[in-house]
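Results of the structural survey
This is what each chain is made of:
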Amino acid sequence: AFTKPAENWMQGSVYAIEPIGNKVIITVLVGTEKFALSCPNDTHADIDQTIYFKLNMKNAIYFDPNTLEFITRSEQSLYMR
């Protein structure tokens, strides 16, 4: 039987995989939204594979959804002293 992951995990499907040196960027489709996940270099996934992931908001970067312009980082105040 299928067991749903623990609370705060999101389900999506792999949309794109981009190995870039020391990490892999996996774009995951959740409904109509895309999330770019930075993963360790040895991460393997297949296009359209269902995956579960949890966001680390400590390192989140925020962009305006309309203009795609950078807004802030989660820890921005630490760097603005």
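Structural notes, computed from the coordinates. (Residues numbered from 1 in each chain as written. Predicted model: local features only at pLDDT ≥ 70, side-chain atom pairs only at ≥ 80, totals over all residues. Heavy atoms only, no water.)

Digging into the nonpolar core
Which entries qualify depends on this criterion: Residues belong to a common nonpolar core when they are buried Ala, Val, Leu, Ile, Met, Phe, Trp, Tyr or Cys residues joined through side-chain atoms within 4.5 Å. Only protein chains enter the area calculation, which uses a 1.4 Å probe; residues under 20% of their type maximum are buried, those over 50% are exposed, and those in between are partly exposed. In DSSP terms, a helix is any run of H or I states spanning at least four residues, a strand is any run of E spanning at least two, and both are numbered starting from the N terminus. Here, residues are in contact when the closest pair of their heavy atoms is within 4.5 Å.
The biggest cluster of nonpolar side chains holds nine residues, and these are V14, V24, I26, V28, L37, C39, A45, I51 and F53. The element best represented in this core is strand β2 (residues 23–30), accounting for three residues. The residues touching V28, leaving out its near neighbours within four places in the chain, are G12, S13, Y15, E33, K34, F35, L37, I51 and F53.

Section: unusual backbone geometry
Apart from glycine, the bulk of residues carry a negative phi angle, and the bulk of peptide bonds sit in the trans form. The phi angle at D48 is positive, at roughly 70°, despite the residue not being glycine. With respect to the element layout, D48 can be found in the loop between β3 (33–40) and β4 (50–53).

Quick word on the side chain of T27
Its location among the elements puts T27 in strand β2. For T27, a relative accessible area of 14% gives the class buried. With near-sequence residues (within four places) excluded, T27 lies in contact with S13, V14, Y15, A16, E18, K34, F35 and A36.

Re the pairing of strand β1 (residues 10–20)
As a reminder of what qualifies: Being paired, for any two strands, means DSSP has found at least two bridges between them.
Relative to β4, β1 runs antiparallel, the two being bridged by four bridges. Considered in β4, the bridge of G12 is made with I51. Looking at chain direction, β1 and β2 are connected through seven bridges and run antiparallel. Across the sheet, I17 pairs through a bridge with I26, a residue of β2.

Concerning the packing of aromatic side chains
Test applied: When the centres of two rings from Phe, Tyr and Trp lie within 6.5 Å, Trp using its six-membered ring, the rings pair. Their planes under 30 degrees apart give stacked, over 60 give edge-to-face, and anything left gives tilted.
The full count for this structure, using the stated rule, is two aromatic pairs. Here F35 and F53 contribute two aromatic rings whose centre-to-centre distance is 5.7 Å and whose plane-to-plane angle is 55°, an arrangement assigned as tilted. Taken together, the residues F35 in strand β3 and F53 in strand β4 connect sequence positions 18 residues apart. Residue classification places F53 among the buried positions, given a relative accessible area of 6%. Residues F63 and F70 carry aromatic rings whose centres are separated by 6.2 Å and whose planes lie at 75° to one another, so their mutual orientation is edge-to-face.

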